[in-house]
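A look at the structure
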Amino acid sequence: MSQAKLAAGRRAADLVPDRSTLGLGTGSTVRFFLERLAERIRDEGLEVRGVPTSIDTETVARELGIPLVGLDEVDLLDFTVDGADEIDAEYRMIKGGGGALLREKVVASISRREVIVVGRDKVVERLGTTFDLPVEVVPFALPVVARQIARLGGEPRERQAAGGGEYRTDNGNAVLDVHFEGGIEDPEALELTLAATPGVVECGLFLGLADAVVIADDDGTVEVRE
Ligand code: 5RP
């Protein structure tokens, strides 16, 4: 078990305001957040309701007794906690290692406060240097999008399911994990180009969406950056 993920996830749960509507991110760090959140609901009578960003998170939240709500019932979310695969000094991120990037970005876009929970190993100087960029793609368009990405200088690899075979997101789409040698030079330009590429549903660049970052070290020390 990662002490850093545990410490970051639990600290973020302690920041959750009472009577708030929450975005519930996805991943192993968020799992620790959900467990602590459930403790607070049980022990302190914290009143919250959450919008899950994946089927995995929905299942875990239900098991833990965290009240859930649909996007048809909420306009804006008060507070979202989510993980990241990489984050830079400007809080720009790569997300989507768990394949939940589309729902995570929708939820982030309507969150008043997006709090990111990471171990310090996720902090990078340049995006794309330690993690390939996930791009969610309509399966029909995979070869077209892969060729377009190659023209942009990326090396796309279709994600496979654990144990082999076709990988599909919660939305029934494929994922290309794209390697950029030396990292991503201009994340803003790349996001715009990918958004304008037919067949691309969403990419894992999250730019200008994070408001605070909870960074933890392996010894359990936690730093909250606003
Ligand atoms: C899922 C994500 C996750 O937040 C990201 O992959 C981090 O996961 P973990 O906390 O397990 O390292 O973006 O799509």
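Here the structure is a predicted model, which means the values were calculated and not measured.

**Here we look at the overall build of the protein**
- Across its full length, the protein carries six helices and 13 strands.
- Against the 2.2 N^0.38 benchmark of 17 Å for 226 residues, the protein shows a C-alpha radius of gyration of 17 Å, consistent with a compact globule.
- Dimensions of the protein along its principal axes, counting C-alpha atoms only, are 55 × 35 × 35 Å.
- The buried share among the 226 residues of the protein stands at 47%.
- Pairs at least 24 residues apart make up 76% of the contacts formed inside the protein by residues separated by at least 6 positions.

**Notes on the sheet that holds strand 1 (residues 20-24)**
- The mixed open sheet is built from six strands, whose spatial order is 2-1-3-6-12-13. The open sheet has two edge strands with one neighbour each: strand 2 (48-52) and strand 13 (222-225). Going across the sheet, the axis of each strand differs from the next one's by a mean of 20°, ignoring polarity.
- Where strand 1 lies against strand 2, five bridges are found, and the strand directions are parallel.

**Here we look at the sheet that holds strand 5 (residues 93-94)**
- What the three strands build is an open sheet, ordered 4-5-11; its pairing is antiparallel. Edge strands, defined here as strands with exactly one partner in the open sheet, are strand 4 (86-87) and strand 11 (205-206).

**Things to note about the site of the ligand**
- Near the ligand lie 18 residues; those nearest to it are Gly27, Thr29, Gly83, Gly97 and Gly98.
- Here the residues of the shell around the ligand sort into three nonpolar, 10 polar and five charged.

**Let's talk about helix 4 (residues 101-109)**
- The buried fraction of helix 4 is high, at seven of nine residues.
- Residues of helix 4 that are buried: Leu101, Leu102, Arg103, Glu104, Lys105, Val107 and Ala108.

**Quick look at unusual backbone geometry**
- Positive phi, normally seen in glycine, also occurs at Arg19, with a value near 55°.
- On the secondary structure map, Arg19 appears in the loop between helix 1 (3-14) and strand 1.
- Phi is positive for Tyr91, close to 65°, though the residue is something other than glycine.
- Mapped onto the elements, Tyr91 comes out in the loop between strand 4 and strand 5.
- The partly exposed category is assigned to Tyr91, around which 18 C-beta atoms lie within 10 Å.

**Section: the nonpolar core**
- Residues Ala8, Phe33, Ile116, Val117 and Val135 are the most contacted members of the largest nonpolar core, which totals 60 residues.
- When residues of this core are assigned to their parent elements, the largest contribution, six residues, is made by helix 1.
- In this structure, Phe33 is in contact with Gly9, Ala12, Ala13, Val81 and Val117, ignoring residues within four places of it in sequence.

**What about the UniProt feature "active site" (unreviewed entry) in the protein?**
- Following the UniProt record, one finds the feature "active site" (unreviewed entry) at Glu104.
- Position of Glu104 relative to the elements: it lies in helix 4.
- Judged by C-beta crowding, with 32 C-beta atoms within 10 Å, Glu104 ranks as buried.
- Setting aside residues no more than four positions away along its own chain, Glu104 makes contact with Gly25, Thr26, Thr53, Asp82 and Lys95.

**Quick notes on helix 1**
- Taking 1.5 Å per residue as the helical rise, helix 1 with its 12 residues ought to reach 16 Å, and the 17 Å between its terminal C-alpha atoms agrees with that figure.
- Of all 12 residues in helix 1, 10 are buried, a share of seventy percent or more.
- Elements in contact with the buried residues of helix 1: helix 2 (28-44), strand 3 (79-82), strand 6 (114-119), strand 12 (212-216) and strand 13.

The rules behind each value
- Residues numbered from 1 in each chain as written.
- Predicted model: local features only at pLDDT ≥ 70, side-chain atom pairs only at ≥ 80, totals over all residues.
- Helix = DSSP H or I, 4+ residues; strand = E, 2+ residues; numbered from the N terminus.
- Rg over C-alpha atoms; globule rule 2.2 N^0.38 Å.
- Buried ≥ 20, exposed ≤ 12 C-beta atoms within 10 Å, placed from the backbone.
- Contact = placed C-beta atoms within 7 Å.
- Pairing = 2+ DSSP bridges.
- Axes fitted to C-alpha atoms, helices over the stretch in contact; angles between N-to-C directions.
- Near = placed C-beta within 6 Å.
- Nonpolar A, V, L, I, M, F, W, Y, C, P; charged D, E, K, R; others polar.
- Core = buried A, V, L, I, M, F, W, Y, C linked by C-beta atoms within 7 Å.
- UniProt positions renumbered as here; feature names shortened; annotations may be inferred.
- Expected span 1.5 Å × (residues − 1).

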